[in-house]
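Here are the chains, one letter per residue:
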Amino acid sequence: MNNKFSEELFLTNETGRKLYHEVAEQMPIIDYHCHLQPKEIWENKEFEDLGEMWLAGDHYKWRAMRTFGIDERYITGEASYYEKYMAFAKILPELIGNPLYIWCALELKRFFDIDEPLCEANAEEIYNRTKKMICEKGMTPRWCMEVSNVEIVSTTEDPIDTLKYHQKLQKDPTMKIKVLSAFRPDKAMFCEKENFSNYILNLGNAAGEDIASFASLLSALEKRLKFFKSIGTNISDDGIPEFTWEDYTLKGVEAIFSRAIVGDELSTQEINQYRSAFLFEMGRMYKRNGFVMQLHVGTYLDANTSKVAAIGRSTGFDCTDDSTSVKSIGILLDRLTSIDELPKTILYPLDSSKIENFAILAAAFCEGGTRAKVQLGAPWWFNDQVYGIERQFAATANLYPISLSVGMLTDSRSFLSYPRHELYRRVLCNYLGDLVERGEYFSGEEELKRVVENVCYYNVKNFFGF
């Protein structure tokens, strides 16, 4: 039994090994969707230890630790990073088949050149070794990105954000990586939330506009969108936990907005009408301002309400949901297409049972003049592991050319997460290698290499216009 990290990980055929090592391995990374904090990139402070690097904000690890019954003190609580690291190291050998096991192995190898498996017995020694290396090499957020060959990274911010740290980073002559921001207006869409009116007030202050109507809301959002564009970004991101298209009139939506702003309870139909109008108008706004529209579909947020109340949101209690139909998203795309205002769009279904259906939907809205105008995004969140990636390749290649894909993203809060791109590329090359060696692809080596280069790098660069 092999007890060390293998450089042939997931590469089970000769063609795949050649494609990965000769082509994909050295391609730069464009991480066009993540949740890294620009403040941390700007400050560029040296990490305290591996505990901080692994466990300061990684809800994947937090979820796994809870399944083993580990006390919250060692997850998001007051325990030191050393104590949290030791608690996590103890369970890592039991995470067989879980992506965390492979991600951690990749991170130990790529950042610390450690190829033996972490366990309770060697946890102390590896902790001390990595802590020493952090100090000796000056491991910081920027160091992690530079070592990972990151060219561009896009964080995700709310329209009211000042983008102060993005502006600072752009003026910093020592900054080697381009840092952009995705425009995420979700809070303006959740008209039924109790803090909606406070958010609208803050948005108005940020835009310098008194928001008293749905029309003035859109005006304020467009002002903020243009501000985001001024730092060089053209990426939007809309999170859609649940959405059912409901026909509406603008007069009716104005009435719904007026009621929402004073905290009146809205019916399900009114909420759906507002969301339909909101997503439609945002799509038009993205089109006229040259933004790519990303739709993240199918989250079931804050499932464990008591734990969210005690610990906070985005701490590992979000799940997947199947309430948003393919047809509702299709109607949105159709309404935008009918007036020739559909922007470039990427669809990210979290419900794995709908991946093929969304691939078919995306193909239905492609058109002349734009390569892969609407496309299926990378396997996202709970799907971004080997099984999910392989499943998406096998399922959707029959329905939408994977050669057109803009490739992988991290969707991460960790600066050590870039080996996820490596994992994706290994699986991609092995999948293509299998097709070649079964005789299902015989167009030639140069064409095959071009497919790999495009999916890993050139497609995303051209699609977003970076």
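Residues numbered from 1 in each chain as written. Predicted model: local features only at pLDDT ≥ 70, side-chain atom pairs only at ≥ 80, totals over all residues. Heavy atoms only, no water.

(A) Inspection of helix H5 (residues 81-91) at higher detail. Taken residue by residue, H5 has Lys-84, Tyr-85, Ala-87, Phe-88, Ala-89 and Ile-91 as its buried positions. In the core, the buried residues of H5 are packed alongside helix H3 (50-55), helix H4 (59-67), helix H6 (99-112) and helix H7 (123-137). (Buried < 20%, exposed > 50% of the residue type's maximum accessible area, 1.4 Å probe, protein only. Helix = DSSP H or I, 4+ residues; strand = E, 2+ residues; numbered from the N terminus. Contact = heavy atoms within 4.5 Å.)

(B) Examining empty space enclosed by the protein more closely. Inspection of the entire model under this criterion finds 4 cavities of 30 Å³ or more. In this structure, the largest cavity encloses a volume near 140 Å³. Lining of the largest cavity is provided by 13 residues; of these, Leu-376, Gln-392, Thr-396, Ile-402 and Ser-405 occupy positions nearest its centre. Sorting elements by how many residues they give to the lining of the largest cavity places helix H18 (residues 386-396) first, with 3 residues. Grouping the amino acids of the lining of the largest cavity by side-chain chemistry returns 9 nonpolar, 4 polar and no charged. Put simply, the second largest cavity is a space of about 60 Å³. Lining the second largest cavity are Gly-57, Asp-58, His-59, Tyr-60, Asp-411, Ser-412, Arg-413, Ser-414 and Arg-420. Here the residues of the lining of the second largest cavity are counted per class, giving 1 nonpolar, 4 polar and 4 charged. (1 Å grid on protein atoms, 1.4 Å probe; cavity = no way out; pocket = protein on both sides within 12 Å on 5 of 7 lines; lining within 4 Å. Points joined across faces, edges and corners; volume = space filled by probe spheres on them. Nonpolar A, V, L, I, M, F, W, Y, C, P; charged D, E, K, R; others polar.)

(C) The side chain of Asp-58, seen in detail. Position of Asp-58 relative to the elements: it lies in the loop between H3 and H4. Note on Asp-58: relative accessible area 6%, which makes it buried. From its side chain, Asp-58 meets the backbone nitrogen of Tyr-60 in a polar contact 3.0 Å long. (Polar contact = N/O pair within 3.5 Å; in protein donor to acceptor, adjacent residues only side chain to side chain.)

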